[in-house]
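# A closer look at the structure
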Amino acid sequence: MTGLAEGIGAVTATTATPSTPPAAASSGPRGLGTSLPCPNAAAKASGTFPYAADLWAEGLLWAAVLRSPHPHARILSVDTAQAAAMPGVRAVVTHADVPGDPAHGRRVADRPVFASEVVRHHGEPIAAVAADHPDTARLAAAAIAVEYEVLDPVTDPEQAFAAEPLHPDGNLIRHIPLSFGDPEATGDVVVEGLYRIGRQDPAPIGAEAALAVPRPDGGVEIYTASTDPHGDRDLAAACFGLEPERVKVVVTGVPGAMGEREDHGMQLPLGLLALRTGRPVKLAATREESFLGHAHRHPTLLRYRHHADAEGRLVKVEAQILLDAGAYADSSGDALAAAVSFACGPYVVPHAFIEGWAVRTNNPPSGHVRGEGAMQVCAAYEGQMDKLAAKLGLDPAELRMRNVMATGDLLPTGQTVTCPAPVADLLQAVRDEPLPPLPKDEPGPHPADGGWLLPGGPDGAGDPEAVRRGVGYALGMVHMLGAEGTDEVSTATVKVSGSVATVICAAVETGQGFTTLARQIVQEVLGIEEVHVASVDTDQPPAGPAARGRHTWVSGGAVERAAKMVRTQLLQPLAHKFGMSTELLSIADGKITSYDGVLSTPVHEELEGKELWATAQCRPHPTEPLDESGQGDAFVGLAFCAVRAVVDVDIELGLVRVVDMTVAQDVGRALNPAQVKARIEAGVAQGIGAALTENLRTSRGVVRRPDLTSYALPTAVDVPPVRIVRLIEERDVVAPFGAKAVSAVPVVTSPAAVAAAVRAATGRPVNRLPIRPQAAVGAELRG
């Protein structure tokens with residue numbers, strides 16, 4: 001076992017997140033508000049940054065997982081004898097080999113490690129194999145003989161209410177009946193709509209991979225791109241029948257994440273195989289396994305009825321929201337709470353009656369994907385706003401302006417919006433921005449040379465006279481941190497040795513920029529140039545999952561508090577020496593200066609020979625669960641966004657080309673302006689994918705062609721210039737630094753804006769995402 005530990009240690013040392021070299025740190029501006037670059041950006045861009053798929057250890061075995069080809073079936077028998085007898089096979093595990101809890105789950109422990117009696121979705125794990133070679137492992141997995149009794153799958157969430165229970169817990173995961181105001185209220189104008197949102201996959205740039213290594217104490221270490229290492233550790237320990245301290249999760253580089261992206265159906269079998277064989281075991285998922293294993297955005301059915309007065313002011317919103325959770329609960333209850341709470345959007349609605357359900361089906365699993373719940377309802381309520389504008393003969397942007405929310409207004413949950421809510425300013429910013437010029441002359445491949453692209457691309461088969469341009473608006477909102485009583489807390493330690501600082505915090509860098517932010521915070525507070533951020537594992541105190549921008553708030557807040565405690569330790573001897581309080585000393589530009597200018601000394605001189613450290617926690621104010629009427633102060637903070645989309649639509653072929661996306665966003669404070677803009681641009685790109693191309697298609701529960709050829713992600717050609725015309729920096733006083741999450745809200749808002757623009761171009765009621773070609777066909781072709 002010593003050899004194994006030494007072997008893996010050599011590899012994992014290269015997976016730690018490196019800090020910027022001292023020369024790079026001192027080469028430009030530093031601290032909050034500057035665009036400090038990511039410390040490993042060059043390595044990631046050049047392809048030299050190590051991820052879990054790159055790991056190796058002495059004595060390494062390879063794993064393969066046998067997954068169900070059926071979405072719903074009864075397992076009559078599982079025969080592993082042939083697989084176990086194959087040369088090179090070291091272990092085969094099934095449900096009978098799980099020593100601890102047979103089921104797991106982030107919110108509800110309802111998902112088995114291996115299916116034992118019933119298969120509930122296509123791709124559910126049945127067994128796993130460890131072998132000397134990856135090909136041997138795959139062949140052995142295929143040799144496991146499973147006898148199924150195929151059952152009819154329940155794939156329509158509306159049928160799930162009356163269907164036989166798919167799970168011992170039943171088919172209904174959660175029901176929220178929200179009541180706000182007078183149910184008898186009516187408006188002068190009423191519009192109704194039915195909307196459907198497809199199954200978007202997070203499609204991370206790197207598929208899931210992990211390495212499990214047995215420990216001398218009988219435990220196991222798991223090296224993987226976890227976004228919630230302590231949650232993963234506790235879940236794995238329960239399934240392995242071990243104490244949490246005997247399971248260690250080490251975070252490797254995360255190759256893209258939209259929240260909790262990891263597939264536990266891969267990690268848990270790996271740990272079992274490592275414990276069984278006493279050797280390290282590795283698995284790098286194929287893209288097909290990635291599609292089948294991890295959670296997707298909830299497909300959603302939404303029915304809406306909006307009431308407004310003759311001036312276009314909203315009176316009442318009625319809605320029914322049905323989320324397809326797939327086979328297991330995962331975070332569907334959280335997604336439903338967001339969908340119901342934000343069902344009216346960032347608009348003032350005196351009366352709201354929203355009923356929401358999340359149900360089990362035999363479809364692929366749904367879970368946390370950026371903007372869950374909020375994205376689906378945004379597409380629906382903005383479709384309703386366009387219908388109201390058309391019926392009232394109002395400009396769509398003007399109708400929205402008459403109804404926008406502001407600080408002090410109430411959500412339909414009864415919660416007062418106490419944070420900055422500059423929704424009117426955001427909408428006005430995108431309205432005022434000049435529209436892109438209309439195409440001139442002939443279409444061609446090079447718009448910069450005077451030509452213009454047809455919706456089908458430079459070789460499009462369409463007729464230029466069939467192209468119509470449309471402009472659409474959308475306003476979106478998301479919550480930050482957890483909700484409904486979630487205990488949000490993070491712990492961080494800042495250590496200073498001489499003129500070098502180290503941050504220890506289990507907040508995972510998923511691309512949201514936490515590693516860079518932590519360095520900036522310490523530079524700002526202590527005036528130290530060289531700051532390292534330690535790699536993450538579960539030997540550190542927990543920091544919680546990387547989702548909803550929470551690490552900027554809670555982990556950044558913990559780093560700031562720890563750095564300030566170290567600052568006090570640094571300044572106290574000087575203050576005592578000069579007979580003043582530490583509050584009269586400041587640190588800026590690498591110097592400690594007194595209020596009267598008498599003292600001015602470089603920070604590095606005062607730190608010479610000293611070892612200082614402090615640990616601190618950050619915990620936002622508590623929230624509460626929604627009650628039986630959907631009422632309660634469920635959210636800590638909110639972020640808002642306005643998007644204007646411009647599209648060209650070929651109304652003969654139904655092809656759509658996004659010409660321009662104009663964004664204004666409420667960010668609280670731009671802690672790293674370059675990263676803020678990059679995150680917004682990435683969110684818009686993901687939103688365009690949800691609007692036009694991304695839909696993981698199934699046939700009676702079976703995923704059709706789970707690969708990146710059939711699942712059409714938007715490319716650089718599909719994403720137009722993203723013009724960020726305004727970042728409103730009204731600081732949220734309860735948030736550390738006043739900053740807000742920036743990634744999710746453009747994902748939520750962009751699909752609705754694209755759909756609104758297609759409606760404007762075609763006059764068609766676009767009510768399904770992604771937009772199908774037939775939805776954009778049928779307008780008058782000439783004149």
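For the structure itself, consult the block above.
All values reported here derive from a predicted model rather than from experimental measurement. (Residues numbered from 1 in each chain as written. Predicted model: local features only at pLDDT ≥ 70, side-chain atom pairs only at ≥ 80, totals over all residues. Heavy atoms only, no water.)

## Here's the deal with a negative patch on the surface
Taken together, the side chains of Glu 624, Asp 627, Glu 628 and Asp 633 make up a negatively charged region of the molecular surface. Examined against the element boundaries, Glu 624 turns out to sit in the loop between strand E25 (611–618) and strand E26 (635–650). (Patch = residues over 30% accessible without salt bridge, like charges linked within 9 Å, V, L, I, M, F, W, Y side chains within 5 Å. Areas by Shrake-Rupley, 256 points an atom, 1.4 Å probe, with all protein chains shown as cover. Salt bridge = Lys/Arg side-chain N within 4 Å of Asp/Glu carboxyl O. Lys, Arg positive; Asp, Glu negative; His and termini not counted. Charge placed at Lys NZ, Arg CZ, Asp CG, Glu CD. Helix = DSSP H or I, 4+ residues; strand = E, 2+ residues; numbered from the N terminus.)

## Quick look at the sheet that holds strand E7 (residues 125–131)
Here we have seven strands laid out as an open sheet, ordered E3-E7-E1-E14-E11-E12-E13, and mixed in their pairing. Of all the strands in the sheet, the pair left with one neighbour each is strand E3 (89–93) and strand E13 (247–251). When the angles between neighbouring strand axes are averaged without regard to direction, this sheet yields 20°. Here six bridges tie strand E1 (residues 61–67) to E7, and the two strands are oriented antiparallel to one another. When the sheet's bridge partners are listed, Ala 64 is paired in E7 with Val 129. Of the strands in this sheet, E1, E3 and E7 are in contact with helix H5 (residues 134–143), which crosses E1 at around 25°. Each of strand E12 (220–224) and E13 touches helix H6 (residues 229–240); the most contacted strand, E13, lies at about 145° to it. (Pairing = 2+ DSSP bridges. Axes fitted to C-alpha atoms, helices over the stretch in contact; angles between N-to-C directions. Contact = heavy atoms within 4.5 Å.)

## What to know about the packing of aromatic side chains
Applying the stated criterion to the full structure yields six aromatic pairs. Geometrically, the ring pair formed by Phe 161 and Trp 357 is edge-to-face, given 5.9 Å between the ring centres and 85° between the ring planes. With a gap of 196 residues between them, Phe 161 in the loop between strand E8 (145–150) and strand E9 (172–180) and Trp 357 in strand E17 (residues 351–359) connect regions that are remote in the sequence. For Phe 161, a relative accessible area of 44% corresponds to the partly exposed category. Given a relative accessible area of 17%, Trp 357 falls into the buried group. A cation sits over an aromatic face here: Lys 44 above Phe 49, 5.0 Å from the ring centre. (Phe/Tyr/Trp six-rings, centres within 6.5 Å; stacked < 30°, edge-to-face > 60°. Buried < 20%, exposed > 50% of the residue type's maximum accessible area, 1.4 Å probe, protein only. Lys NZ or Arg CZ within 6 Å of the ring centre and 35° of its normal.)

## Remarks on the sheet that holds strand E18 (residues 467–483)
Strand order across the open sheet formed by four strands is E18-E26-E27-E30, with mixed pairing between neighbours. Of all strands in the sheet, those bounded by a partner on one side alone are E18 and strand E30 (722–728). Between one strand axis and the next, the sheet turns through 20° on average, direction left out of account.

## Structural notes on unusual backbone geometry
A cis amide bond links Leu 769 to the next residue, Pro 770, at an omega of -5°. Following the sequence through the fold, Pro 770 ends up in the segment after strand E31 (768–769). A positive phi is found at Leu 481, a non-glycine position, where the angle reads about 65°. Note on Leu 481: relative accessible area 0%, which makes it buried. The backbone of Arg 700 shows a phi angle near 50°, a positive value even though the residue is not glycine. If you trace the backbone, Arg 700 turns up in the loop between strand E28 (698–699) and strand E29 (702–703).

## Some remarks on the layout of surface pockets
What the largest pocket holds in volume is close to 1400 Å³. If you trace the largest pocket, you find 45 residues lining it, with Asn 695, Arg 697, Leu 769, Pro 770 and Arg 772 closest to the centre. Where the lining of the largest pocket is concerned, the elements lending two or more residues are strand E10 (189–197), strand E15 (300–308), strand E16 (314–324), strand E27 (655–666), helix H16 (673–692) and E31. It is E27 that contributes the most residues to the lining of the largest pocket, four residues altogether. Its residues assigned to classes, the lining of the largest pocket shows 21 nonpolar, twelve polar and twelve charged. (1 Å grid on protein atoms, 1.4 Å probe; cavity = no way out; pocket = protein on both sides within 12 Å on 5 of 7 lines; lining within 4 Å. Points joined across faces, edges and corners; volume = space filled by probe spheres on them. Nonpolar A, V, L, I, M, F, W, Y, C, P; charged D, E, K, R; others polar.)

## What about the packing of H16 against helix H17 (residues 744–762)?
Two elements in contact, H16 and H17, have axes separated by 7 Å at closest approach and are oriented at 45°. Comparing the axis directions of H16 and H17 gives the class oblique. As H16 runs across H17, the sense of the crossing is right-handed. Every residue of H17 that contacts H16 at Ile 680, Gly 683, Val 684, Gln 686, Gly 687, Ala 690, Ala 691 and Leu 692 is listed here: Pro 746, Val 747, Ser 750, Pro 751 and Val 754. (Parallel < 35°, antiparallel > 145°, perpendicular 65-115°, else oblique. Left-handed = near helix turned anticlockwise from the far one by under 90°.)

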